[in-house]
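Coordinates in review
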Amino acid sequence: MEKIYLIFLGPPGSGKGTQAQMLSAKAKLPIISTGELLRHEQEKNTNKGKMIKEIIVKGKLVSNKIVEAIINKRLTAKDANKGMIFDGFPRNKNQLRHLTGKLGKNNVYAILVDVSDKEVKRRLGGRRMCACGATYHLKYNPPQKSGICDLCRGKLFIRNDDRPKVIADRLKLYHQQSEPLIDYWLKSKRLIKINGGQNISRVRKDIEKKIRNLGIKL
Ligand code: AP5
Ligand code: MG
């Protein structure tokens, strides 16, 4: 079977991580989430970890060199033999060049989760995370027991970049550096555009339907 690569693109808080996890379970494809991998790195008390933390907490982008090294390593893992789901990469033109250099252009699709800035702020304001990677929302996707992860019973926390000022900076960077990539995916006829403003289950159904329409089995 041919490898398939699905890339989640969209503003911070649009639901990329939420949908990537559900699609990964359905399509049996592993996820590379650069945000998750960088957050694990920042928890280490190394110089690199401290440097990454300083960048993330300000809502800036970590250097292409660091991020691309993470991607290169992850792509060589055994579970990458069927393909991969990318969450949060590529995020600028250099990263896009890096990825197309690695994967070529065939069987690579971008799923744009389109959500307004106003909705992003609503979603990130109520987000709660677990160290295991599970994501909740106080109103839209609450855990069964307040403050506790349904999956691993871990204690939920607020991400250190989910403060209003940092959210505004992340959004600004998205519009400046990541949004221009939409044009590339559109021109290469590899863009799957989804109305991310719907509820989680409707977004999920739309994504699955559009992927099947491309002839990809789920
Ligand atoms: P990253 O972790 O990728 O953050 P992001 O892109 O800002 O996106 P988020 O994870 O905040 O949101 P999401 O779209 O995954 O939404 P979620 O599913 O959680 O990156 C973090 C940082 O790492 C960056 O700022 C940068 O510093 C660095 N970094 C990462 N990748 C990099 C790269 N390639 N290059 C350089 N630096 C990089 O959902 C949000 C909330 O909404 C949740 O509470 C969820 O429950 C809820 N929700 C989800 N869907 C819905 C829905 N349909 N309706 C209602 N609520 C919903
Ligand atoms: Mg995410």
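Nothing here was measured: the structure is a model prediction, and the numbers come from that model.

Here is what the cut-offs are and how they apply
- Residues numbered from 1 in each chain as written.
- Chains lettered and ligands numbered in written order.
- Predicted model: local features only at pLDDT ≥ 70, side-chain atom pairs only at ≥ 80, totals over all residues.
- Heavy atoms only, no water.
- Phe/Tyr/Trp six-rings, centres within 6.5 Å; stacked < 30°, edge-to-face > 60°.
- Helix = DSSP H or I, 4+ residues; strand = E, 2+ residues; numbered from the N terminus.
- Buried < 20%, exposed > 50% of the residue type's maximum accessible area, 1.4 Å probe, protein only.
- Pairing = 2+ DSSP bridges.
- Core = buried A, V, L, I, M, F, W, Y, C linked by side-chain atoms within 4.5 Å.
- Contact = heavy atoms within 4.5 Å.
- Salt bridge = Lys/Arg side-chain N within 4 Å of Asp/Glu carboxyl O.
- UniProt positions renumbered as here; feature names shortened; annotations may be inferred.
- Polar contact = N/O pair within 3.5 Å; in protein donor to acceptor, adjacent residues only side chain to side chain.
- Axes fitted to C-alpha atoms, helices over the stretch in contact; angles between N-to-C directions.
- Parallel < 35°, antiparallel > 145°, perpendicular 65-115°, else oblique.
- Left-handed = near helix turned anticlockwise from the far one by under 90°.
- Nonpolar A, V, L, I, M, F, W, Y, C, P; charged D, E, K, R; others polar.
- Near = heavy atom within 4 Å.
- Areas by Shrake-Rupley, 256 points an atom, 1.4 Å probe, with all protein chains shown as cover.

**Some details on the packing of aromatic side chains**
Here the distance between the centres and the angle between the planes together describe a pair of aromatic rings. Considering all chains together, one arrives at three aromatic pairs under this definition. Seen from their ring centres, Tyr5 and Phe86 are 6.3 Å apart, and the 40 degrees between their planes marks the pair as tilted. Taken together, the residues span a long stretch of sequence, with Tyr5 in strand S1 (residues 4-9) and Phe86 in strand S3 (residues 83-87) at a distance of 81 residues. For Tyr5, a relative accessible area of 9% corresponds to the buried category.

**Details of the pairing of strand S7 (residues 191-195)**
Of the two faces of S7, only one is covered, namely that formed by Ile192 and Ile194; the face formed by Leu191, Lys193 and Asn195 stays uncovered. Inspection of the sheet shows strand S4 (residues 108-114) paired to S7 by five bridges, in the parallel sense. Bridging across to S7, Ala110 finds its partner in Leu191.

**With respect to the nonpolar core**
Among soluble globular proteins, nonpolar side chains are generally buried collectively. Core analysis: the largest hydrophobic core is formed by 27 residues, its most contacted members being Leu38, Leu75, Phe86 and Trp185. Going through the elements one at a time, S1, helix H3 (47-57), helix H4 (64-75), S3, helix H5 (93-103), S4 and helix H8 (181-187) are the ones with two or more residues in this core. Aside from chain neighbours lying at most four places away, what touches Leu75 is Tyr5, Ile32, Ala80, Met84, Phe86, Lys102 and Leu103. Among the nonpolar cores identified, the runner-up in size contains 22 residues, and Ala20, Tyr109, Ile211 and Ile216 belong to it.

**Points about the pattern of salt bridges**
Where charged atoms of side chains with opposite charge meet at close range, the side chains can pair. According to the stated counting rule, one finds 13 salt bridges in the structure shown. One salt bridge in this structure joins Lys193 and Asp114, with 3.9 Å as the shortest N-O distance. Here Lys193, found in strand S7, pairs with Asp114, found in strand S4; they are 79 residues apart in sequence, far enough to count as distant. With its nearest N and O atoms 2.9 Å apart, the salt bridge here joins Arg159 to Asp161. Residue Asp161 is classed as buried on the basis of its relative accessible area, which comes to 5%. Connected through salt bridges with shared partners, the residues Arg127, Arg159, Asp161, Asp162 and Arg170 form a single ionic network.

**Side note on the UniProt feature "binding site: ATP" (unreviewed entry) in the chain**
Mapped onto this numbering, the UniProt entry annotates "binding site: ATP" (unreviewed entry) at Gly13, Ser14, Gly15, Lys16, Gly17, Thr18, Arg127, Thr135, Tyr136 and Gln198. Within the secondary structure layout, Gly13 lies in the loop between S1 and helix H1 (16-27). Using a relative accessible area of 14% as the deciding quantity, one classes Gly13 as buried. Sequence-distant contacts of Gly13, that is, excluding residues within four places in its chain, are made with Arg123 and Leu124. When you line up the elements, Ser14 lands in the loop between S1 and H1. Under the relative-accessibility criterion, Ser14 is labelled buried at 2%. The residues contacting Ser14, other than those within four sequence positions of it, are Val113, Val115, Arg123 and Gly196. Polar contacts involving the side chain of Ser14 include one to the main-chain carbonyl oxygen of Pro11, which spans 2.7 Å.

**What to know about the packing of helix H6 (residues 117-125) against helix H7 (residues 164-178)**
Running from amino to carboxyl end, H6 crosses H7 at an angle of 140 degrees, the nearest separation of the two axes being 11 Å. Here H6 lies oblique to H7, going by the angle between them. You can see that H6 and H7 cross each other, and the crossing is right-handed. Judged by residue contacts, Asp117, Val120, Lys121 and Leu124 of H6 engage Ile167, Arg170, Leu171 and His175 from H7. For the contact of H6 with H7, a count of residues per class yields four nonpolar, one polar and three charged.

**Regarding the site of ligand 1**
Near ligand 1, the surroundings consist of 37 residues, among which Thr18, Lys60, Arg91, Arg127 and Arg170 are the closest. In this structure, an oxygen atom belonging to ligand 1 sits 3.1 Å away from a main-chain N or O atom of Gly15. Within the side chain of Thr34, a nitrogen or oxygen atom sits 2.8 Å from a nitrogen atom of ligand 1. Summarising the interface, the protein chains cover 97% of the accessible area of ligand 1, which totals 1000 Å² for the free molecule. Broken down by secondary-structure element, the contributors of at least two residues to the shell around ligand 1 are H1, helix H2 (34-43), H6, strand S6 (135-137) and helix H9 (200-213). It is H2 that provides the largest number of residues to the shell around ligand 1, a total of four residues. Tallied by class, residues from the shell around ligand 1 come to 13 nonpolar, 15 polar and nine charged.

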